[in-house]
Amino acid sequence: MTGLLVAGLALGVTALTLKVADGAHSALDTALSTVTGFLFLLAGAVAHVRRPANPIGVLIALAGVALFLEDLQFTRDPLLYTIAVPLRAASSPVIAHLVLAFPHGRLRSRWERLLVAAAYLVVLGSGVVGLLADDDPRDLLAIRPGSDGGAFADRALELAATAISAGVVVVLLYRWLTGRLPQRRLLSPVITIALLGALTSGAGTALGDGHPLSQPLLQAYRILFCLWPLAFLVGVLRARVGNAEMIRLLLERDGIGLAALVQDDEVWKDSRSIDALNAAAGLVLDNQRLTAELEHRLAEVRASRARLVAAGDEERRRLERDLHDGAQQRLVSVVLLLRMVGRRYGDGLPPQVRALVSGSVDELQTAITELRELARGIRPAILTEAGLVAAVRSLADRSPMDVALSVGTVPRLDAAVEATAYFVTSEALTNALKHAQTDRVGVRITTEGPELRVEVTDRGVGGASLDGGTGLAGLRDRVEALGGELMVSSGDGGTAVHAVIPLVEMP
């Protein structure tokens, strides 16, 4: 790029000197051609600074160099003239290449590559033919001076240039019509200048040199052509972040892949946008990390709570076995011994002793009954043996209230789920008996999809709350440990305890 800029500046000064010395060009034409070349160099430099990896900046600057090369034909030096003759239209294929490659710097379709290759071949080929057939005495390689080969070469060059220009315009229009909004924004200035230049140049050439509008139209074309590098420069300045740079930035941030972006080649590198993208990517990545850590810790908490529930149930079963096999059996043995004492020595015992023995037996029977009730409250044997439905039916049968039980098709479930549903029902019935001041309670147990639903309702005085005591609050923790939810609604119309428990086993 530096070499192109240095060569362009040197050629620009040389071309300006040659055109002024030639004297056949107007001041306006000389000024426009010189300004146009330098504007192409400036636009190429800016594009290269904006995105060094994109070759579009080199193509824009090369167009300026090619424009100055065309003006070397006005030299009086035979050697320089001989070199300059094949380059009399050097800017045409370069500009065609630039237009079709803008803004991403490469030709994307086979038709585009064919057009550009044809442009280079036709221009350089016709330039060589014109060099060999030129009748100018400065041409050191002329083979047949004075022949019509030079005119033929010029005519062939005009026809080929017209066909290639039409093809370039068609490709541009198709790309603009089928492109997305960013592509249209970048191509609009280039296409507008190209179409206006083609119209003014074509109209001026068609009218002929004698028509009064011919020269003004051709001058308008030169002015529009002078504005064309500015159109490329506007496209550069309006562009956004380059897709390749964005993907590289995201994928290399902290060595962790973060996102994939939809490719849009009609974009450029913008350091401010890159910085903003870097900050946004960092925020997203940090949020993802925090979210992942939170979900991991939440999963650990849930697993820990589930393990606590399972450990609690196992401890309940152990206490139930210990009470049944230990204390309860010892009390039964003491009752049997006292009854044997009463039967064997009853007649010989004083009445006071017989009364004490009989009272002791009654108290022991009461203790056994209470101990059995305590063991049943810890974890009823029927719950383990027959399942949730049978345990709830037994609970309803023992209740002094009228219990309207509605049970759907409930299969055997996980032990923790059955125990939780049973204790929710038991606690709700106990609360209704103690506080609701009602003699009728409804219990509904169903499975809906992957959930077990337990609902206990009454039409009592209300006043129940999850925060009002330890019973419902403890059940809420137990239900939530299984991934479910316990809700209590209580008012003047009564109380409803509603539990939703997932059927799947917790991790």
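How each quantity is defined
Residues numbered from 1 in each chain as written. Predicted model: local features only at pLDDT ≥ 70, side-chain atom pairs only at ≥ 80, totals over all residues. Heavy atoms only, no water. Helix = DSSP H or I, 4+ residues; strand = E, 2+ residues; numbered from the N terminus. Buried < 20%, exposed > 50% of the residue type's maximum accessible area, 1.4 Å probe, protein only. Contact = heavy atoms within 4.5 Å. Pairing = 2+ DSSP bridges. Expected span 1.5 Å × (residues − 1). Polar contact = N/O pair within 3.5 Å; in protein donor to acceptor, adjacent residues only side chain to side chain. Core = buried A, V, L, I, M, F, W, Y, C linked by side-chain atoms within 4.5 Å. Lys, Arg positive; Asp, Glu negative; His and termini not counted. Salt bridge = Lys/Arg side-chain N within 4 Å of Asp/Glu carboxyl O. Axes fitted to C-alpha atoms, helices over the stretch in contact; angles between N-to-C directions. Parallel < 35°, antiparallel > 145°, perpendicular 65-115°, else oblique. Left-handed = near helix turned anticlockwise from the far one by under 90°. Nonpolar A, V, L, I, M, F, W, Y, C, P; charged D, E, K, R; others polar.

It is not clear to me how the overall build of the protein should be interpreted in this structure. Could you clarify?
For the protein, the count of helices and strands is 16 helices and five strands. Out of the 507 residues belonging to the protein, those deemed buried represent 40%. Of the contacts formed within the protein by residues at least 6 apart in sequence, a portion of 71% connects residues at least 24 apart.

Help me understand the pairing of strand β3 (residues 451–458) in this model?
Here is the key point about a regular strand: its side chains alternate between the two faces of the sheet. Of the two faces of β3, only one is covered, namely that formed by L452, V454, V456 and D458; the face formed by E451, R453, E455 and T457 stays uncovered. Sheet analysis places strand β2 (residues 440–448) next to β3, joined by eight bridges and oriented antiparallel. Counterpart to E448 in the pairing with β3 is E451. Hairpin remark: β2 followed by β3, antiparallel, with two residues in the connecting loop; positive phi at G449, about 65°. Relative to strand β5 (residues 494–502), β3 runs antiparallel, the two sharing eight bridges. Within the sheet, the bridge partner assigned to V456 lies in β5 and is V497.

Hey, could you run me through helix α15 (residues 415–436) in this one?
Turn by turn, an α-helix covers 3.6 residues, leaving residues three or four places apart pointing in a common direction. Here α15 is 22 residues long and its end C-alpha atoms lie 30 Å apart, about the 32 Å a rise of 1.5 Å per residue gives. Measuring from the side-chain oxygen of the N-cap residue of α15 to the backbone nitrogen of A416 gives 3.1 Å; that N-cap residue is D414. Once α15 finishes, Q437 follows within two positions and takes phi at roughly 55°, a positive value.

Please clarify how the nonpolar core should be interpreted in this entry.
Where a protein is soluble and globular, its nonpolar side chains tend to be buried together. Counting residues in each nonpolar core, the largest one holds 38 residues, and the members touching the most others are F40, I56, I60, L98, W228 and F232. Listing elements by their share of this core, those giving two or more residues are α2 (27–50), α3 (56–70), α5 (91–101), α6 (110–133), α7 (149–178), α8 (181–207) and α9 (214–237). A per-element tally of this core places α5 first, with seven residues. Each residue touching L98, except ones within four places of it in the same chain, is listed here: F40, I56, L59, I60, A63 and F232. Among the nonpolar cores identified, the runner-up in size contains 37 residues, and L388, A396, L472 and A499 belong to it.

Mind showing me how you'd approach the side chain of D458 here?
Secondary-structure assignment places D458 in strand β3. Buried and without a salt bridge, D458 has R459 as its closest oppositely charged side chain, separated by 8.5 Å. Of the polar contacts made by the side chain of D458, one reaches the backbone nitrogen of G460; its length is 2.9 Å. In this view, D458 contacts A432, A436, T438, R440, V441, G493, G494 and T495; residues no more than four positions away in its chain are not counted.

Just checking my understanding: could you explain the packing of α3 against α5 for this structure?
Two quantities define a packed helix pair, namely the angle between the axes and the distance from one axis to the other. Between α3 and α5, whose axes approach to 8 Å, the crossing angle comes to 160°. When the interaxial angle is binned, α3 and α5 end up roughly antiparallel. In this structure, α3 meets α5 at a crossing whose hand is left-handed. Contacts between α3 and α5 involve I56, L59, I60, L62, A63, A66, L67 and E70 from the former and S91, S92, V94, I95, H97, L98 and A101 from the latter. Across the contact of α3 with α5, the residue classes tally to eleven nonpolar, three polar and one charged.

Would you mind going over the sheet that holds β3 with me for this structure?
The strands making up a sheet associate through hydrogen bonds between their backbones, and the pairing can be parallel or antiparallel. Taken together, five strands build an open sheet; the order of strands is β1-β2-β3-β5-β4 and the sheet is mixed. The open sheet has two edge strands with one neighbour each: β1 (402–407) and β4 (485–491). Looking at each pair of strands side by side, their axes are set apart by 10° on average, direction ignored. Sitting on the sheet, helix α14 (residues 388–398) touches β1, β2 and β3, and the angle it makes with β1 is about 165°. In the packing of α15 onto the sheet, the strands contacted are β1, β2, β3, β4 and β5, and the crossing angle to β3 comes to about 5°.

Looking at this structure, how should I read α3?
Between its first and last C-alpha atoms α3 spans 21 Å; for 15 residues at 1.5 Å apiece the expected length is 21 Å, and the two agree. Most of α3 sits out of view: twelve of its 15 residues are buried. Turning to α3, its buried residues are I56, G57, L59, I60, A61, A63, G64, V65, A66, L67, F68 and E70.

What should I look at first to understand the side chain of E112 in this one?
Of note, E112 is situated in helix α6. In this structure, E112 is in contact with L100, L107, V171 and R175, ignoring residues within four places of it in sequence.

Where do I start with the pattern of salt bridges in this structure?
Note that side chains of opposite charge can pair when their charged atoms are close. What the rule picks out here adds up to five salt bridges. In this structure, the salt-bridge partner of D402 is R440, at a minimum N-O distance of 2.7 Å. On the criterion of sequence distance, the pair formed by D402 in strand β1 and R440 in strand β2 is long-range, its members being 38 residues apart. Owing to a relative accessible area of 41%, D402 belongs among the partly exposed residues under this scheme. With a closest N to O distance of 3.0 Å, E448 and R453 form a salt bridge. With relative accessibility at 22%, the residue R453 sits in the partly exposed group. Via salt bridges that share partners, E448, E451 and R453 belong to a single interconnected network.

Scope: geometric values only; no functional claims are made or implied.
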